[in-house]
Amino acid sequence: MSTTARPEAVSAVHPGSFRSTFRFHTVLGASLVLLVALFCAPSVGDPDIWWHLENARQFVTTGHFATQDLYSFTALHSPWINHEWLAELPYYGAYRAFGLQGLFGLTLLLLTAIVLATLYVAYRESDDIKAAFLWGVLAVLLSVVNFGPRTILFGWLFLLILLRILQRIRQGQPGPWWALPLLFLVWVNTHGSWLIGIAVFALIAVPGFLPDIGGLNRRWDANQRRRLLLGGLLSVPALFVNPYGYRLVFYPFDMAFRQKLNI
């Protein structure tokens, strides 16, 4: 007796299987969002947000980028740059529109985007939604210390976008290499964690240009090398497209080596 399934039977199985898989993925994603919401609720009162809101208010009302300290009593009018000016504007807009609820809503939206992007990138890397979910839970537990209306949330989101772009290139998919300089252009105006992004880009991209040693690294093919070179080289001048020029680019180093009290 033939065991070949009838066409109508096959077509009846596949849609249900897809719906079941989709529901399972959706449940895991929703579970991560719920976990984020539980940890996010008590952390909305981050005190730094008021300083950021005042910076944004002055920029919106005057139309000028800050170049001097307007807050300190002993260092009034000292040279200063607002290195997170672009990240402050969404928070200011949310606060002006909806008050504290707006701040909480934007924070929850950013954290949701971050955790779902983590789940997606991990799933595309491992092809195992259960393992990706566990990594998502771990990511939430490790990052909860910085939950709240903080500018670094944009840095996390940009890092995940960077990882996904590099992931697509490595997997031989049509990856938008041209998005790399655009990403770093926005990132440098948003948060100093762009330097971590450069380091991650180098750690992933550079080994693929080296000879394969004992199977420890996988070489890029010619097309991948071309795309990474173009994206990486164009990302460097993109960093200098900002209202403060080289001072904003070197600010993370100034923070690390000169601002000892902040560190």
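What you are looking at is a predicted structure, and each value in this text was computed from that prediction instead of being measured. (Residues numbered from 1 in each chain as written. Predicted model: local features only at pLDDT ≥ 70, side-chain atom pairs only at ≥ 80, totals over all residues. Heavy atoms only, no water.)

**Focus on the pattern of salt bridges**
- Applying the stated criterion to the full structure yields three salt bridges.
- A salt bridge links Arg170 to Glu125, with the nearest nitrogen and oxygen atoms 2.4 Å apart. Of this pair, Arg170 sits in helix 6 (residues 152-170) while Glu125 is found in helix 4 (residues 100-126), placing the two residues 45 residues apart along the sequence.
- Under the relative-accessibility criterion, Arg170 is labelled partly exposed at 30%. (Salt bridge = Lys/Arg side-chain N within 4 Å of Asp/Glu carboxyl O. Helix = DSSP H or I, 4+ residues; strand = E, 2+ residues; numbered from the N terminus. Buried < 20%, exposed > 50% of the residue type's maximum accessible area, 1.4 Å probe, protein only.)

**A look at the packing of helix 2 (residues 48-62) against helix 3 (residues 85-98)**
- Packing of helix 2 against helix 3 brings their axes to within 8 Å, and their N-to-C directions diverge by 95°. With respect to their mutual orientation, helix 2 and helix 3 come out roughly perpendicular. Of the residues in helix 3, those in contact with Ile49, Trp50, Trp51, His52, Leu53, Asn55, Ala56, Arg57, Phe59 and Val60 of helix 2 are Trp85, Glu88, Leu89, Tyr91, Tyr92 and Tyr95.
- Residues belonging to the contact of helix 2 with helix 3 are distributed by class as follows: twelve nonpolar, two polar and two charged. (Axes fitted to C-alpha atoms, helices over the stretch in contact; angles between N-to-C directions. Parallel < 35°, antiparallel > 145°, perpendicular 65-115°, else oblique. Contact = heavy atoms within 4.5 Å. Nonpolar A, V, L, I, M, F, W, Y, C, P; charged D, E, K, R; others polar.)

**Digging into helix 2**
- Between its first and last C-alpha atoms helix 2 spans 22 Å; for 15 residues at 1.5 Å apiece the expected length is 21 Å, and the two agree.
- All buried positions along helix 2 are accounted for by Ile49, His52, Leu53, Asn55, Ala56 and Gln58.
- Taken together, the buried residues of helix 2 touch helix 3 and helix 4.
- Downstream of helix 2 by a residue or two, Gly63 has a phi angle that is positive, lying close to 75°. (Expected span 1.5 Å × (residues − 1).)

**A few points about the layout of surface pockets**
- There is about 1400 Å³ of room inside the largest pocket.
- Lining the largest pocket are 50 residues, with His83, Glu84, His191, Gly192 and Ser193 positioned closest to its centre.
- In the lining of the largest pocket, the residues fall into 28 nonpolar, 13 polar and nine charged. (1 Å grid on protein atoms, 1.4 Å probe; cavity = no way out; pocket = protein on both sides within 12 Å on 5 of 7 lines; lining within 4 Å. Points joined across faces, edges and corners; volume = space filled by probe spheres on them.)

**A word on the confidence of the model for the protein chain**
- The share of residues in the protein chain with pLDDT of 70 or more is 88%, and the mean pLDDT across the chain is 87.
- When mean pLDDT is taken per element in the protein chain, helix 7 (residues 179-188) scores highest with 97 and helix 1 (residues 7-40) scores lowest with 71. (pLDDT = per-residue confidence, 0-100.)

**Describing the packing of helix 6 against helix 8 (residues 194-205)**
- With their axes 10 Å apart at the nearest point, helix 6 and helix 8 run at an angle of 20° to one another. Between helix 6 and helix 8, the crossing angle belongs to the class labelled roughly parallel. Every pair of crossing elements has a handedness; the one defined by helix 6 and helix 8 is right-handed. Between helix 6 and helix 8, the residues in contact are Leu159, Leu162, Leu163 and Leu166 and Gly197, Val200, Phe201 and Ile204, respectively.
- A breakdown of the residues in the contact of helix 6 with helix 8 according to their chemical character gives seven nonpolar, one polar and no charged. (Left-handed = near helix turned anticlockwise from the far one by under 90°.)

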